[in-house]
Amino acid sequence: MHLYPKLITDALATVRYPGTGKNLVEAGMVEDDLRIDGMNVSFSLIFEKSTDPFLKSVVKAAEKALLTYASPDIKADIRVKTIQADRPEPGKMLPGVKNVIAVSSGKGGVGKSTVAANLAVALAAQGYKVGLLDADIFGPSVPKMFHLEAEQIFAEMREGRQMLIPAMKYGVKILSIGFFVNPDTATLWRGGMASNALKQLVADALWEDLDYFILDTPPGTSDIHLTLLQNLAITGAVIVSTPQNVALADARKGIDMYRNEKVNVPILGLVENMAWFTPAELPDHKYYLFGREGVKRLAEEMQVPLLGQIPIVQSICESGDEGEPVAVNAETMTGQAFRQLAQAVVEATERRNSELPPTGIVEMKK
């Protein structure tokens with residue numbers, strides 16, 4: 001029996017792709033690279049992604065159709081081509097990023113997002129290439145802090161993959177789940193949905209080369225932290241707390257999470273937020289509303305650096321609400337405090353990198 005191209009394509013036209021209901025020829029899934037050599041046939045089938053759930057079953061169905069409708073003696077070599085390149089594997093999602101810094105807090109309401117946003121702005125002001133990912137899936141606040149609530153995020157095809165283009169403000173590349181959900185309604189996510197959304201923001205975005213990639217993580221410990229730890233090699237963590245005893249107790253839990261032997265992420269240091277209140281009209285006065293130097297004592301006890309003490313000044317809240325992080329203005333008291341914090345984080349990161357091996361991702365045993 002003699003094989004010819006139409007015999008092959010007619011056989012493949014009997015196979016339907018479940019995703020669209022069209023046959024393989026009609027769906028344009030048969031690549032124009034058909035080769036026939038006696039009873040040997042080779043060609044490629046085109047799929048959108050290598051993770052296509054129907055890929056294996058469609059290839060088997062194509063082999064069976066050739067044996068049934070072309071010849072029982074046929075020897076088929078069916079190759080698979082994908083339109084979209086695969087997402088990088090965990091641990092290699094940010095190849096151009098030098099340092100991944102997780103900004104964490106044991107509890108909500110201690111100003112963690114304010115610290116993360118201003119740290120990113122202060123680092124960029126010092127000439128570093130900086131990215132900020134709002135990983136607080138359930139309560140994203142970064143769009144409001146940067147006055148980007150109406151920001152439209154677009155995607156571009158790069159090297160075979162659809163890549164999100166982060167927003168850019170004050171020299172910082174920014175992405176947040178808040179760009180994709182209605183800010184006026186509660187976001188209800190199942191754990192798997194939230195983790196997948198976060199992976200997209202990390203791996204399917206054009207972060208490119210960065211000196212510092214700042215993660216504004218959710219308060220406490222959760223599945224989101226585990227997703228980050230399983231997919232990103234985190235250089236170090238910065239723990240934010242207020243001086244109150246209840247906040248300090250939760251900060252200890254945050255430190256313990258990163259120091260867990262399975263996690264093993266170095267603590268770069270602690271930040272004492274709302275360290276004292278200074279009225280604008282009395283710049284030399286300090287009122288310790290939430291206790292005095294509690295975070296400083298905790299840092300000494302846990303043997304980690306105190307990276308900075310950020311005072312409460314009315315302008316810090318107003319700046320965040322108006323979409324201009326206070327670190328933009330280095331002349332203010334809090335602006336200076338955040339610039340000093342950025343320098344302390346740089347020094348702590350450089351010290352960590354010179355003294356310790358690179359962090360690995362957390363491997364979960366099946």
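Our structure's up above, just so we're on the same page.
Residues numbered from 1 in each chain as written. Predicted model: local features only at pLDDT ≥ 70, side-chain atom pairs only at ≥ 80, totals over all residues. Heavy atoms only, no water.

J.: Describe the packing of aromatic side chains, with residues and values.
T.: Scanning the model with the defined rule gives five aromatic pairs in all. Pairing Tyr128 with Tyr212 gives two aromatic rings, centres 5.4 Å apart and planes at 90 degrees, and the pair type is edge-to-face. Taken as a pair, Tyr128 in the loop between α3 (112-125) and β5 (130-134) and Tyr212 in strand β10 (residues 210-216) lie far apart in primary sequence, 84 residues in all. When the centroid spacing of 4.7 Å and the interplanar angle of 70 degrees are considered together, the rings of Trp207 and Phe213 count as edge-to-face. Taking the relative accessible area as the measure of exposure, Trp207 reaches 1% and is therefore buried. On the basis of relative accessible area, Phe213 is assigned to the buried category, the value being 0%. (Phe/Tyr/Trp six-rings, centres within 6.5 Å; stacked < 30°, edge-to-face > 60°. Helix = DSSP H or I, 4+ residues; strand = E, 2+ residues; numbered from the N terminus. Buried < 20%, exposed > 50% of the residue type's maximum accessible area, 1.4 Å probe, protein only.)

J.: Break down the pairing of strand β2 (residues 40-47) for me, with residues and values.
T.: Buried residues dominate β2, accounting for seven of its eight residues. Looking at chain direction, strand β1 (residues 35-37) and β2 are connected through three bridges and run antiparallel. By the bridge assignment, Ile36 is partnered in β2 with Val41. Adjacent in sequence and paired antiparallel, β1 and β2 are bridged by two residues, among which Gly38 carries a positive phi angle near 65 degrees. Sheet topology note: the β2/strand β3 (residues 75-82) ladder contains eight bridges and is parallel. (Pairing = 2+ DSSP bridges.)

J.: Please provide a residue-by-residue account of the sheet that holds β10, values included.
T.: The eight strands lie next to each other as β8-β9-β5-β10-β4-β11-β12-β13, forming an open sheet whose pairing is mixed. Unpaired on one side and paired on the other, β8 (167-169) and β13 (306-312) mark the two borders of the sheet. The sheet shows a mean angle of 25 degrees between the axes of neighbouring strands, direction not considered. Two elements, strand β11 (residues 236-241) and strand β12 (residues 267-277), share five bridges in a ladder whose sense is parallel. Among the inter-strand pairings, Val238 is bridged to a residue of β12, identified as Gly269. Sheet contacts for α3: β4 (97-104), β5, β9 (172-176), β10, β11 and β12; angle to β10, the most-contacted strand, approximately 170 degrees. Contacting β4, β10, β11, β12 and β13, helix α10 (residues 333-355) crosses the sheet at an angle of about 165 degrees to β13. (Axes fitted to C-alpha atoms, helices over the stretch in contact; angles between N-to-C directions. Contact = heavy atoms within 4.5 Å.)

J.: Which residues make up a nonpolar patch on the surface, and what are the values?
T.: The grouping of Leu282, Tyr287 and Leu289 at the surface amounts to a nonpolar patch, some 270 Å² of accessible area in total. On the secondary structure map, Leu282 appears in the loop between β12 and α8 (294-302). (Patch = residues over 30% accessible without salt bridge, like charges linked within 9 Å, V, L, I, M, F, W, Y side chains within 5 Å. Areas by Shrake-Rupley, 256 points an atom, 1.4 Å probe, with all protein chains shown as cover. Salt bridge = Lys/Arg side-chain N within 4 Å of Asp/Glu carboxyl O.)

J.: Got a sec to walk through the pattern of salt bridges? Specific residues and values, please.
T.: Taken as a whole and assessed by the stated rule, the structure comprises ten salt bridges. The shortest N-O distance in the salt bridge between Arg158 and Glu156 comes to 2.9 Å. On the basis of relative accessibility, which here comes to 37%, the residue Glu156 falls in the partly exposed class. Salt bridges linked by common partners bring Asp33, Asp77 and Arg79 together as one network.

J.: Mind laying out the environment of Asp77, listing which residues take part and the relevant values?
T.: The topology assignment puts Asp77 in strand β3. For the pair Asp77 and Ala280, spaced 203 residues apart in the sequence, the C-alpha separation amounts to 76 Å. Ignoring any residue separated from it by four or fewer positions in sequence, one finds Asp77 in contact with Val41, Ser42 and Phe43. In this structure the side chain of Asp77 is engaged in a polar contact, spanning 3.5 Å, whose partner is the side chain of Arg79. (Polar contact = N/O pair within 3.5 Å; in protein donor to acceptor, adjacent residues only side chain to side chain.)

J.: Can you explain the pairing of β9? Please cite residues and give values.
T.: Of all five residues making up β9, five are buried, and the element is well covered by its neighbours. Sheet topology places β5 next to β9; five bridges connect them, and they run parallel. Residue Val130 lies in a different strand from β9, and its bridge partner there is Val172. Of the pairings in the sheet, the one linking β8 to β9 comprises three bridges and is antiparallel in character. In the strand pairing of β9, Met168 is matched with Lys173. Linkage of β8 to β9, two consecutive antiparallel strands, is achieved through a turn of two residues, within which Tyr170 is found at a positive phi near 50 degrees.

J.: Got a sec to walk through the side chain of Thr227? Specific residues and values, please.
T.: Relative to the helices and strands, Thr227 is located in helix α6 (residues 223-231). Thr227 sits in the buried class, given a relative accessible area of 7%. Sequence-distant contacts of Thr227, that is, excluding residues within four places in its chain, are made with Ser195, Leu198 and Lys199.

J.: Summarise α8; cite the residues concerned and give the values.
T.: Residues Gly294, Val295, Leu298, Ala299 and Met302 constitute the buried set of α8. In a view along the axis of α8, the buried residues occupy a sector of 140 degrees, so they form one face of it. In the core, the buried residues of α8 are packed alongside β11, α7 (245-259), β12 and β13. A positive backbone phi angle near 60 degrees is found at Gln303, which sits one or two residues after α8. (Arc of directions from axis to C-beta.)

J.: How would you sum up the nonpolar core? Please name residues and give values.
T.: Counting 86 residues, the largest nonpolar core has Leu132, Phe213, Ile214 and Tyr258 as its most contacted members. Counting residues per element, this core draws most heavily on α3, which supplies nine residues. Not counting chain neighbours up to four residues away, the residues in contact with Ile214 comprise Ile101, Val103, Ala116, Leu119, Ala120, Leu123, Val130, Gly131, Leu132 and Leu133. The next biggest cluster of nonpolar side chains, apart from the first, holds 22 residues, and it includes Ile8, Met29, Phe43 and Ala70. (Core = buried A, V, L, I, M, F, W, Y, C linked by side-chain atoms within 4.5 Å.)

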